[in-house]
Amino acid sequence: MEASHQYRNSSMSSRSFYQPVKEVEPYYFCYNDSSVVTQFSVPNCYEPYCTLESSSANHSYNIYNSPSTVNFSPNGSPISQQESQSYPPDLHHSPDNAYGSPLSGSCITNDASDLRHKLRELETVMLGPDSDIIDSIDSTFQNGADTCSSEMNSGIQIMGAISRRDVKEVLIACAKSVSDNDLLMANWLMDELRQMVSVSGEPIQRLGAYMLEGLVARLASSGSSIYKSLRCKEPASDELLSYMHILYEVCPYFKFGYMSANGAIAEAMKDEDRVHIIDFQISQGSQWITLIQAFAARPGGPPHIRITGIDDSTSAYARGGGLSIVGRKLSKLAEKFKVPFEFHAAAMSGYDVKLENLGVRPGEAVAVNFAFMLHHMPDESVSTENYRDRLLMLVKRLSPKVVTLVEQESNTNTSAFYPRFLEALNYYTAMFESIDVTLQRDHKERINVEQHCLARDIVNIIACEGPERVERHELLGKWKSRFKMAGFRPYPLSSVVNAMIKTLLENYCNKYRLQERDGALYLGWMERDLVASCAWK
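Residues numbered from 1 in each chain as written. Predicted model: local features only at pLDDT ≥ 70, side-chain atom pairs only at ≥ 80, totals over all residues. Heavy atoms only, no water.

The chain carries the name Scarecrow-like transcription factor PAT1 in an unreviewed UniProt entry, which gives Dipteronia dyeriana as its organism. Its UniProt record gives the chain a comment under Sequence similarities (unreviewed entry), which states: "Belongs to the GRAS family." (UniProt positions renumbered as here; feature names shortened; annotations may be inferred.)

Take a look at the structure:
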């Protein structure tokens, strides 16, 4: 979730979700010890298109049913999609058999029985009655028929899905065709999907619009160039902040992550006089508002707090400026609550962080926060540098009292394209369904939230490979292995914090669920885990 980089807030507001909000009201954390289709449409040519408002692509684009978008050709004139010739593609034959499909002519014939009979007569005359040549030929015929029958059944299922307008099933078939390099089938299914998806439709239709975007991007170049050309024009920083605030308010995922991390830090630091928090993606810095307030109410008085905020240019854009904005905001808050406070800015990517950038001082109790950040660090599957594990080992050298980890519970790091597509489809289906229960489908703000905060992550997962694929999530089991390998031990989460999070969820749809398993907390939508949180020492 791109918003997880750019926005930190722990607010719970009673204001309307649909109004842009510039100031964030904090959520207070209290310190406490089979159908038949007769007609098909196949495009006459491959034509790139985009649901995101591209600022750099030189092609014409088709926008899915968006009420606020118009299509333009490279010269700026409005265009419409070329009309398609209506006929079904041959599901078992492509020119020169280029895509590995069986030739249809070998499967459908009225003369097979007669041919076998004549071959049997010839065999008897030439070799005698005991030869097994014809049995072998019979077997070959049968195997070919089975293969053809299987592909025909698959084709029938796809046609049935199209007739039912089953977006999910057609998306899966399209992804399989892209994976198999079956370009004829992939382009046909993309054309059909264009008629099914909508950025203002049902959750699967909206998600389908962006997943189709990713499939087109992958088919066009299978790499970074098309993804970069599809990057939508950034909204103004205050607008982007508003979109991220809306996402933060309508879904509890970020609140859950930040509250669980803050609770672990508060528990670990309850007896410390000097606390140094190192946040590896501080963004707006709003995660720390509730923690500063909790420390202010601590029995015996607050500790001296120093926060080192690490950041990159993405968050700087969303903030509308550098880390000095975060420092001023947190310093002003700490002064209000009479908490001794310092802020240290480290304007760099996690790739570049070294021990000397962190400014750790003797006598400080160190807490390190990894909230929705580590999955952007390339691991051994991408680079010999293995930034992911290198960063954990660097942090271990700080001897921290606690390290908090919050990540999306998804497996998209080392998976091949097709299973990665299925995983993303499953994960973001739950995400879009959860948004649907709060925001009206045709509301422009919801469209902007999904487009600017989620869509590009989806396209990146589907379209990019190698270093250009930066959305590389891992399941918590894998993260645990990495932390243990770096020398960390689990730090149990506080039962008080767990109870507070359960209370938080009472303000949301009852389809959200919170589970504690093996020392970690999982927040999910219905049966799907979406975010996991845990702590280490």
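Continuing now.
Please clarify how the overall build of the chain should be interpreted in this entry.
Along the backbone of the chain there are 17 helices and 11 strands. In the chain, which comprises 537 residues, the proportion classed as buried is 54%. Per element, the accessible surface of the chain, about 23,000 Å² overall, is 50% carbon and sulfur. (Helix = DSSP H or I, 4+ residues; strand = E, 2+ residues; numbered from the N terminus. Buried < 20%, exposed > 50% of the residue type's maximum accessible area, 1.4 Å probe, protein only. Areas by Shrake-Rupley, 256 points an atom, 1.4 Å probe, with all protein chains shown as cover.)

Help me out: how do you make sense of the nonpolar core in this one?
Core analysis: the biggest nonpolar cluster contains 105 residues, and Leu215 and Tyr428 have the highest contact counts within it. Residue contacts for leucine 215: discarding those within four places in its chain leaves Leu171, Cys174, Ala175, Val178, Met190, Phe417, Phe421 and Ile462. Residues Ile310, Ala346, Leu358 and Val395 belong to the second largest nonpolar core, which totals 29 residues. (Core = buried A, V, L, I, M, F, W, Y, C linked by side-chain atoms within 4.5 Å. Contact = heavy atoms within 4.5 Å.)

Could you clarify how one ought to interpret the packing of helix α8 (residues 237-250) against helix α15 (residues 444-463) in this entry?
The description of two packed helices rests on the angle between their axes and on the distance between the axes. At their nearest, the axes of α8 and α15 sit 9 Å apart, and the two run at 100° to each other. In terms of orientation, α8 and α15 fall into the roughly perpendicular class. Residues Leu240, Tyr243, Met244, Ile246 and Leu247 of α8 touch α15, and the partners they reach there are Glu445, Asn448, Val449, His452, Cys453 and Leu454. When the residues that make up the contact of α8 with α15 are grouped by side-chain class, the tally is eight nonpolar, two polar and one charged. (Axes fitted to C-alpha atoms, helices over the stretch in contact; angles between N-to-C directions. Parallel < 35°, antiparallel > 145°, perpendicular 65-115°, else oblique. Nonpolar A, V, L, I, M, F, W, Y, C, P; charged D, E, K, R; others polar.)

Even after reading the chapter, I still don't get helix α17 (residues 495-505), so can you show me in this structure?
Owing to its 3.6 residues per turn, the α-helix aligns residues three or four sequence positions apart on the same side. Here α17 has its buried residues at Val497, Asn498, Met500, Ile501, Leu504 and Leu505. An end-on view of α17 places all buried positions within 160° of arc, on one side of the element. Exposed and facing more than 90 degrees away from the buried side of α17 are Ser495 and Lys502. Those residues of α17 that are buried are in contact with α9 (253-268), β9 (512-517) and β10 (520-525). Two to three positions downstream of the cap, the backbone nitrogen of valine 496 sits 3.1 Å from a side-chain oxygen, assigning the N-cap of α17 to serine 494. (Arc of directions from axis to C-beta. Polar contact = N/O pair within 3.5 Å; in protein donor to acceptor, adjacent residues only side chain to side chain.)

I keep staring at the environment of threonine 308 and nothing clicks. Help me out?
Its place among the elements puts threonine 308 in strand β4 (residues 304-311). Threonine 308 gets classed as buried once you look at its relative accessible area, which sits at 0%. Along the backbone, threonine 308 and valine 368 are 60 residues apart, and their C-alpha atoms lie at a distance of 9.5 Å. Discounting chain neighbours no more than four positions away, the residues touching threonine 308 are His276, Ile277, Ile278, Asp279, His344, Ala346 and Leu358.

How do you make sense of the packing of aromatic side chains when you look at a structure like this?
The geometry of an aromatic ring pair comes down to the distance between the two centres and the angle between the two planes. Counting across every chain of the model gives 15 aromatic pairs. Plain terms: the ring middles of phenylalanine 254 and tyrosine 258 are 6.5 Å apart, the flat faces sit at 25° to each other, and that makes the pair stacked. Within this pair, phenylalanine 254 and its partner tyrosine 258 are both found in helix α9, separated by four residues, close to a single helical turn. An aromatic cluster of at least three residues, connected via ring pairs, comprises Tyr248, Phe254, Tyr258 and Phe372. Positioned above the aromatic ring of phenylalanine 488 is the side chain of lysine 396, whose terminal nitrogen or guanidinium carbon lies 5.0 Å from the ring centre. The cationic tip of arginine 517 hangs over the ring face of tyrosine 522; the distance from NZ or CZ to the ring centre is 3.8 Å. (Phe/Tyr/Trp six-rings, centres within 6.5 Å; stacked < 30°, edge-to-face > 60°. Lys NZ or Arg CZ within 6 Å of the ring centre and 35° of its normal.)

Before we go on, may I ask you to explain the pattern of salt bridges in this structure?
Oppositely charged side chains are able to pair whenever their charged atoms sit close together. In total, this model carries 23 salt bridges according to the counting rule given. Between arginine 482 and aspartate 389 there is a salt bridge; the shortest N-O distance is 2.8 Å. Of this pair, arginine 482 sits in helix α16 (residues 476-485) while aspartate 389 sits in helix α13 (residues 387-396), placing them 93 residues apart in sequence. Take arginine 482 and aspartate 389: they sit in the same class, and that class is buried. Note that aspartate 529 and arginine 517 form a salt bridge whose closest N and O atoms lie 2.8 Å from each other. Placement of aspartate 529 in strand β11 (residues 528-536) and of arginine 517 in strand β9 is noted, with a sequence separation of 12 residues between them. Exposure remark for aspartate 529: the relative accessible area of 13% places this residue in the buried category. In this structure arginine 517 comes out as partly exposed when scored by relative accessible area, which is 29%. A single salt-bridge network, built from bridges that share partners, covers Asp379, Glu380, Arg388, Asp389, Glu474 and Arg482. (Salt bridge = Lys/Arg side-chain N within 4 Å of Asp/Glu carboxyl O.)

Honestly, the side chain of glutamate 450 in this entry has me stumped. Any pointers?
Note on placement: glutamate 450 falls in helix α15. Residue class for glutamate 450 comes out buried when judged on its relative accessible area of 0%. Once residues lying within four places of it in the same chain are set aside, the contact partners of glutamate 450 are Val199, Arg206, Tyr210, Phe432, Ile435 and Ala455.

Can you walk me through the pairing of β9 in this structure?
Taken residue by residue, a regular strand's side chains alternate between the two faces of the sheet. In this structure, β9 lies alongside β10, joined through six bridges in antiparallel fashion. Its bridge partner lying in β10, glutamine 515 is registered against tyrosine 522. What sits between β9 and β10 in their antiparallel hairpin is a turn of two residues, with aspartate 518 showing a positive phi close to 50°. (Pairing = 2+ DSSP bridges.)

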